[in-house]
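Each chain, letter by letter, is given below.
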Amino acid sequence: MSGPPEALLLSRREALLNSAALALGMALSPAQIWAAAKDPARQNTTPARALLDDLCDAVIPATDTPGARAAGIGAFVEKAVAHGLRGAHETLLTTFAAALDALSEGEYLQQSEERRRALLADIDARAFANAQDDALPEALRQWPVLKALIVVGYYTSEIGGSQELRYLLTPGRFDPDVRLKPGDRAWSSDWTGVKFA
Amino acid sequence: MSAPQTFDAIVIGSGITGGWAAKELTQGGLKVLLVERGRNIEHRSGYKTEMLAPWDLPFHGQGNASLWNQRYPIQQRSGHMDEWTQDYWVDDVDNPYQSVQSPGFRWYRGYHLGGRSLMWGRQCYRWSDIDFSANARDGHGTDWPIRYADIEKWYDHVEEFIGVSGASEGLPQLPDGHFQPAMPLNVVEAHVREAIQRRFPDRRLTIGRTANLTQAKADQGRVSCQQRAICGRGCSFGAYFSTQSSTLPAAQATGNLTLLTDSLVEGISYDAGSRRVTGVDVLNTRSGGRSRYTAKLVFLCAGAFNSVALLLRSRSEQFPNGLANSSGVLGHYIMDHANTLGTVAVMPGFESHYYFGNRPTGIVIPRFKNLDNSTEPFVRGYSFQGGAYRAGWMRGTRQAGLGREFKESLRRPGEWKFVLTSFAECLPRKENRLSLDPVKTDAYGAPQLRIDFSFGDNERKLLADAKKEAAAMITAAGGRTLFGSDEPSPGGSAIHEMGGARMGRDPPTSVLNEFNQAHDVPNLFVTDGAAMASSACQNPSLTYMALTARAAQSAIEMLRSGAL
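### Section: the domain arrangement of chain B
All names here are of chain B.
- When its domains are assigned, chain B resolves into domain 1 (1-39 + 109-163 + 243-336 + 495-564) and domain 2 (169-240 + 338-424 + 454-490).
- Each of domain 1 and domain 2 has a C-alpha centre, and these two points are 32 Å apart.
- At the junction of the two partners, domain 1 supplies 24 residues and domain 2 supplies 32 residues.
- Among the elements of the structure, helix H4 (134-138), helix H5 (148-162) and helix H7 (243-253) are those that each provide at least two residues to the side of domain 1 that touches domain 2.
- When residues of the side of domain 1 that touches domain 2 are assigned to their parent elements, the largest contribution, six residues, is made by H5.
- For the side of domain 1 that touches domain 2, the residue count by class is eleven nonpolar, seven polar and six charged.

Right, here's the structure in full:
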């Protein structure tokens, strides 16, 4: 699979330069532009990434905090799959994408958002059911691995860990009984609670 | 090879016991060489990942699974290794050993300055005479040559120096110590403590006794615990006891310490004429150079299995089966606590309660079986460690749900859960043993260690009873049990491997005497877990430290009196 044409990348950088400079009302250094162009959240350039971004939106959308797509979790999942995290097979993304297309009777990403969400909700319910659903194609039964990587990626990202949830490296004290108020968020830095959830 | 450098004492290994030996011997006025096989890790500046957030790491703290499967197939099973701490765990490919019986013994190690003192669980429990007299009482193993009265003041000495926080409970089976103020139980743990006390008056749930400071030790440059619970990364606050935070600076302050890192002891040399060890042969693992160092006495503190391995490899005409092994017992009677997940339960009714901060210890339920005249179908006992917490976001990886609703459900802390891990005493059995592989060698050409180990019927009976009692206690506290196991995790999983050079009263049946001194070689002391004649069911490190300090004092006195 080839990458995007150089011209497209250049125009992307220019667009970034323009929008970022406008937003900040200031000049940007070349280093800042390059950093922005490398920002995984802005690189929706391959079919695999496009699908991952859509799945990120489906699992953890933007609400009053940014969701998994904005947190760049598509890139994390690609890296995680390439390195076998959570037992992911290296072909997980391609076989899952093909199975989604087959299920959609056409390209999954070309379906309406409503239909995409309905298809995924059905897969999600069946893949997490207590009894194995033999009617669910093998490739789609890998959904829990893919979803886990999105969830792990998001809540260990700066956005998920410190904006959606609360993160504090050095609490300085232990208070054994705190009244939980409406709207209070969980600590992503409660290592025990996370590990043994 | 140039003329050997000479010291009063050589300490092999810089972990929990090696650090203590170096401190006590240097403070006693001896010139000490401390030899560590691994690299130097400097206190404060050396804990490279300590302050990093998950998102600062390439794999967000989860670790590179393909690398781990390739290089850390065993160490990654510890449950403690993560992307922050992975460099503290040995590379399994570079550090091979042979394990015979399925499912294999898991030997978890850290080869660097401070050894496992950097990585340990910090739980500190005294043994009582119920433990020291157990072998004599039921006939398993050989009698310990000491009792509680022999070691009590050394427990005091160690606890006072390292700093142990905990609560006094007045239990005969788990003697109280010299404690800093206890960390509090959280609201669910406090509830369970009361419920257990009502339903089972002979049982007690108490906060873990942990080597995390609740009061600073300014004289050691150590700050009180910041409640991060990321101790395994190394702590620049010095809030938990490690060689780096505590014993090493004390030893260095005497001006009597010489420290060697990247220095692997290949053999301990023995002089048949004087019946003494004379020193050590050291390989510099960076330069490949070899040196000999001599001393009046040697403290072997390489970690239980490596200490035994070094004795087995240090063969001579007089000791063809391993140094100080006229008994033939060396390598035999190794142990590790049989442990498993006794119960996991949901604790309803506390949904509006949470906590702030990450306490670096859980709770303990000390042994309550076989304390008196008992009719149980097993000998010895078990205890539990664990605690209550609210399930974090990781629960989202195991449940159905998508979109806004899913995200919002994970925003709140999850259900309260209670975990109890069972730790059962392991009987000393001769067939559980260490030996040298006759064929396979390691990267330095030394014979690999072979570990023969399996748990026996008694350990299985203990864990079966533990599972039943864990569920009974949690149920009595209103919990709903989700899971419980009585299947022991593979040997080594408790990371409490011990024995192989046991202490005893009789030279024909033991390797060491009551002062951790080799029966066969008066100027050789082995003070790490190798010395253990039984395992009890408590975490053993505090006892290793107390035995080390006691042995060092004895060695200094023997040296002064001319007995060595």
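### Some details on the interface of chain A and chain B
- At the interface, 50 residues of chain A touch 52 residues of chain B.
- Contributions of two or more residues to the side of chain A that touches chain B are made by helix H3 (47-59), helix H6 (113-127), helix H7 (143-155), helix H8 (158-164), strand E1 (175-179) and helix H9 (191-195) of chain A.
- Partitioned by chemical class, the residues of the side of chain A that touches chain B number 27 nonpolar, 13 polar and ten charged.
- In terms of strand pairing, E1(A) meets strand E10 (residues 353-356) of chain B through three bridges, oriented antiparallel. Opposite A:Asp175, over in E10(B), you have B:Phe356 as the bridge partner.

### Side note on the sheet that holds strand E16 (residues 480-483) of chain B
All names here are of chain B.
- With respect to topology, six strands assemble into an open sheet ordered E4-E11-E12-E13-E9-E16, the strand pairing being antiparallel. Only two strands of the sheet have a single partner each, and these edge strands are strand E4 (206-207) and E16.
- The sheet contact formed by strand E11 (residues 363-365) and strand E12 (residues 382-390) spans three bridges and is antiparallel. Residue pairing for E12: Ile-363 is matched across the bridge by Gly-386.
- Across the sheet, helix H6 (residues 187-199) lies against E11, E12 and strand E13 (416-424), angled at about 140° from E12, the strand it touches most.
- Strands in contact with helix H10 (residues 457-476) are strand E9 (338-346), E12, E13 and E16; relative to E9, the strand with the most contacts, it is inclined by about 20°.

### Topic: the nonpolar core
- Counting 154 residues, the largest nonpolar core has B:Ile10, B:Val11, B:Ile12 and B:Val298 as its most contacted members.
- Ranked by residues supplied to this core, first place goes to helix H11 (residues 541-561) of chain B with ten residues.
- Both domains that furnish three or more residues to this core are identified here as domain 1 (1-39 + 109-163 + 243-336 + 495-564) and domain 2 (169-240 + 338-424 + 454-490) of chain B.
- Setting aside its immediate chain neighbours within four residues, B:Val11 contacts B:Gly18, B:Ala21, B:Ala22, B:Leu25, B:Val32, B:Leu34, B:Val35, B:Phe299 and B:Cys301.
- Ranked by size, the runner-up nonpolar core spans 48 residues in total, among them A:Leu85, A:Ala197, B:Ala391 and B:Leu410.

### Here's the deal with the confidence of the model for chain B
- Residue-level pLDDT values for chain B average 97, and 99% of them are 70 or greater.
- Complex prediction metrics read pTM 0.93 and ipTM 0.95.

### Let's talk about the sheet that holds strand E15 (residues 447-452) of chain B
Residue and element names in this part refer to chain B.
- Ordered by their spatial adjacency, three strands build an open sheet running E3-E15-E14, and the pairing between neighbours is mixed. Of all the strands in the sheet, just strand E3 (98-99) and strand E14 (433-441) have a single pairing partner and so form its edges.
- Two elements, E14 and E15, share five bridges in a ladder whose sense is antiparallel. Opposite Thr-441, over in E15, you have Pro-447 as the bridge partner.
- In this fold helix H8 (residues 304-313) packs onto E14 and E15, with an angle of close to 60° to the strand it touches most, E14.

Thresholds, definitions, all that
Residues numbered from 1 in each chain as written. Chains lettered and ligands numbered in written order. Predicted model: local features only at pLDDT ≥ 70, side-chain atom pairs only at ≥ 80, totals over all residues. Domains from an automatic or database assignment. Contact = placed C-beta atoms within 7 Å. Helix = DSSP H or I, 4+ residues; strand = E, 2+ residues; numbered from the N terminus. Nonpolar A, V, L, I, M, F, W, Y, C, P; charged D, E, K, R; others polar. Pairing = 2+ DSSP bridges. Axes fitted to C-alpha atoms, helices over the stretch in contact; angles between N-to-C directions. Core = buried A, V, L, I, M, F, W, Y, C linked by C-beta atoms within 7 Å. Buried ≥ 20, exposed ≤ 12 C-beta atoms within 10 Å, placed from the backbone. pLDDT = per-residue confidence, 0-100.

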